[in-house]
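Fold and geometry: a report
Each chain, letter by letter, is given below.
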Amino acid sequence: MEKLKGPAARCTTATCGWRALLLPQLNRQSLYVYGSEMAVEQECRRQLQSGVFVIHPFSLMRSYYIMCMMAITFLNLIGIPMEIAFLDGNSGLAWEGFNVFSDTLFLIDVALNFRMGIITEDSEEAILDLKRIRVSYLRTWFIPDVIAAFPIGYILLFADLHYHNDHNPSKTNKMMRILMFVRILSLIRLARVSRLVRFFNEVEKVSNANLEVVRLFFRILSLFMMIFLLCHWNGCIQYFVPMLEEFPTDCWVRKENLMNATVSVKYSWGVFRALSQMIALSYGSMDAPTNYVEMWIVMVSMVSGCLMYTVLVANATTMIANTDPAAKEYKSKMSRLEHYMTFMKLPPELQLRITNYYQARYGGKWFQEKDVMDTVSSALKEQILMVMCSRLLRKVPMFQTREENFINAVLFKLEYEVFLEGDAIVRQNVPGDRMFFIDHGQVVMETDSYDRELCDGDFFGETCVLTKSKHLATVKALTDCQCFSLSWHDLQEALEGFPDVRKDLEETVELDTDGGLV
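Residues numbered from 1 in each chain as written. Predicted model: local features only at pLDDT ≥ 70, side-chain atom pairs only at ≥ 80, totals over all residues. Heavy atoms only, no water.

Under the annotation held in an unreviewed UniProt entry, the chain carries the name Cyclic nucleotide-binding domain-containing protein and is attributed to Zoarces viviparus. The heading Subcellular location (unreviewed entry) in the UniProt record of the chain holds the text "Cell membrane". (UniProt positions renumbered as here; feature names shortened; annotations may be inferred.)

Laid out in structure tokens, this is it:
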């Protein structure tokens, strides 16, 4: 079982006891709503000070309760049509016990909803006031929940007991009709499907997993569960309606000789006919409807099949549209780029290199690094740059012994660049004002007297960034290279707050081609 976390964990003392299960947990969703761990802790204190029994929307009890109710509701929505259509009152003690248990649980659920905290999209805290909870529930889902929780299971249990204990033929026939009416009346319990939909929405709201892939999974799961229930109900109706007519001679059940078949065979044929009609295939319904009842069943099946297609396509389109927007934006940018290159009549070789550059630079996902860095806090930005570039700076002799504040100032000036295989990054005897740090990739440094290969973690151009002198070598990329560059102008800005470092660098500037100065 999951352990309590965060503020609720600190309340598991003799003063809190079992009430800790009602308090909000520290997870991604609660942090998103309240903003900080301290705010979640204040929410815990607010609920404890209220002194009333209220289940917080982000509590551990609420999470487990929703998952349990989802399972019970789904089993009800499967079992109730099966019982009415195929079991013919011979459901057995186990199923009747489950019906009574389910009815009891749904009645308790109605009562608990008066003590269930509410979280709304526009509120900064959960609604824990009993009066506001009561008014909100009575105005929204109270009546549908009461109808869905009507205790049909108790009525069926008592009626079955009376039916089996009564040996009077006239009373027995009368009781059989009453039982049939009650079983048909029990169809109102299918209104619990609304609870299933709401439970899915609540799971998505209070889930500790804030990843888009998890949310997408829940949406797909709920969609397929609804489609399954639609097919299941339709299959049960296919058999249930002929049963109400006492199986006329021209009905499909008699034609297929299913009167004495097992429940699994009857159910399989019913679902087969339902699917055949829903997806507009002739299999399973070769003959035209023999009466107006069958005709209406076929029409309803066809319409429900069309609705199923519509919902499936609409949801699939929405999911696809909302999946991986960065990749879609990248494809859109590449499409515009291809139109541009075609319009400008660029050579195919150059077009290929430009396309390869975008792939190497963005990896198939479009993003604006500047936008990302501008939206995070300065502390986070510093940590990101420290992870990405600090090790590269510390390998350069002129940065190795510098204070941390100066290193951080330089980090903020680094620019990310990508070079393709064969690119000339710098050229010999050409004035330069930048130095480069190789994050990933391999380059070759070519001079008149020697060639030298550099790879991950190496650097070149440090003389140019200090003196804006000419490069002493040509540097070409042997592979696709991901580098960080530091310009002379940016270095001067970083040195403004560190005069001692500026003086030291000016005194130690020297040209040393053997040290890799280019």
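It is worth spelling out the overall build of the chain at this point. Counting its regular elements, the chain contains 22 helices and 8 strands. Burial analysis of the chain (518 residues in total) assigns 41% to the buried set. The contacts of the chain with a sequence gap of at least 6 include a subset with a gap of at least 24, amounting to 72%. When the accessible surface of the chain is summed, it comes to about 28,500 Å², and 61% of that surface belongs to carbon and sulfur atoms. (Helix = DSSP H or I, 4+ residues; strand = E, 2+ residues; numbered from the N terminus. Buried < 20%, exposed > 50% of the residue type's maximum accessible area, 1.4 Å probe, protein only. Contact = heavy atoms within 4.5 Å. Areas by Shrake-Rupley, 256 points an atom, 1.4 Å probe, with all protein chains shown as cover.)

Alignment of strand S4 (residues 443–446) against strand S5 (residues 451–454), held across 4 bridges, turns out to be antiparallel. Its bridge partner being in S5, valine 444 is matched across the sheet by glutamate 453. Where S4 hands over to S5, the hairpin turn is made up of 4 residues, counted between the paired strands. (Pairing = 2+ DSSP bridges.)

This part takes up the UniProt feature "transmembrane region" (unreviewed entry) in the chain. UniProt's feature table lists "transmembrane region" (unreviewed entry) at residues 64–87, 93–112, 141–163, 175–192, 213–235 and 295–314, given in the numbering used throughout. The annotated region residues 93–112 carries 100% helix and 0% strand content, and the separation between its end C-alpha atoms amounts to 28 Å.

With that settled, consider the sheet that holds strand S6 (residues 459–460). As summarised here, the arrangement of the 4 strands in space is S1-S8-S3-S6, forming an open sheet in which the pairing is antiparallel. What marks the edges here is a single partner per strand, and that holds for strand S1 (415–419) and S6. Judged from the 5 bridges that link them, S1 and strand S8 (residues 481–487) form a sheet pairing that is antiparallel. Bridge assignment links phenylalanine 419 to a residue of S8, and that residue is cysteine 481.

Chain-level pLDDT for the chain is 80 on average; 82% of the residues reach the 70-or-more range. When pLDDT is averaged over each element of the chain, strand S7 (residues 474–477) comes out on top at 93 and helix H8 (residues 169–185) at the bottom at 58. (pLDDT = per-residue confidence, 0-100.)

Take the environment of leucine 505 next. Among the structural elements, leucine 505 can be located in helix H22 (residues 499–508). In this structure, the C-alpha to C-alpha distance between leucine 505 and leucine 495, residues 10 residues apart in sequence, is 9.9 Å. Dropping the residues within four chain positions of it, leucine 505 is found in contact with Met398, Arg402, Leu466 and Leu495.

Right, let's talk about the packing of helix H14 (residues 325–343) against helix H15 (residues 348–362) for a bit. The interhelical angle for the contact between H14 and H15, taken along N-to-C directions, is 160°, at an axis separation of 11 Å. Here H15 runs roughly antiparallel to H14, going by the angle between their axes. Seen along the crossing, H14 lies across H15 with a hand that is right-handed. Contacts between H14 and H15 involve Tyr330, Met334, Leu337, Met341 and Thr342 from the former and Gln351, Ile354, Thr355, Tyr358, Gln359 and Tyr362 from the latter. (Axes fitted to C-alpha atoms, helices over the stretch in contact; angles between N-to-C directions. Parallel < 35°, antiparallel > 145°, perpendicular 65-115°, else oblique. Left-handed = near helix turned anticlockwise from the far one by under 90°.)

Overall, the coordinates contain 11 salt bridges when judged by the stated rule. Among the salt bridges present, the one from lysine 333 reaches glutamate 329, with a minimum N-O distance of 3.9 Å. One end of the pair is lysine 333 and the other is glutamate 329, both in helix H14 and 4 residues apart, which spans about a single turn. (Salt bridge = Lys/Arg side-chain N within 4 Å of Asp/Glu carboxyl O.)

The next subject is the packing of aromatic side chains. Inspection of every chain in the model, using the stated rule, returns 18 aromatic pairs. Between tyrosine 357 and tyrosine 358, the aromatic rings sit 6.0 Å apart at their centres with planes inclined by 90°, giving edge-to-face as the arrangement. On the basis of relative accessibility, which here comes to 29%, the residue tyrosine 357 falls in the partly exposed class. Against the face of tyrosine 362 rests arginine 361, its NZ or CZ located 4.9 Å from the ring centre. The ring of tryptophan 488 carries lysine 468 above its face, with NZ or CZ at 4.5 Å from the centroid. (Phe/Tyr/Trp six-rings, centres within 6.5 Å; stacked < 30°, edge-to-face > 60°. Lys NZ or Arg CZ within 6 Å of the ring centre and 35° of its normal.)

Turning our attention to the environment of proline 248. Topologically, proline 248 is positioned in the loop between helix H10 (212–244) and helix H11 (252–255). A relative accessible area of 22% places proline 248 in the partly exposed class. Contacts of proline 248, omitting those with residues within four sequence positions, involve Pro242 and Arg254.

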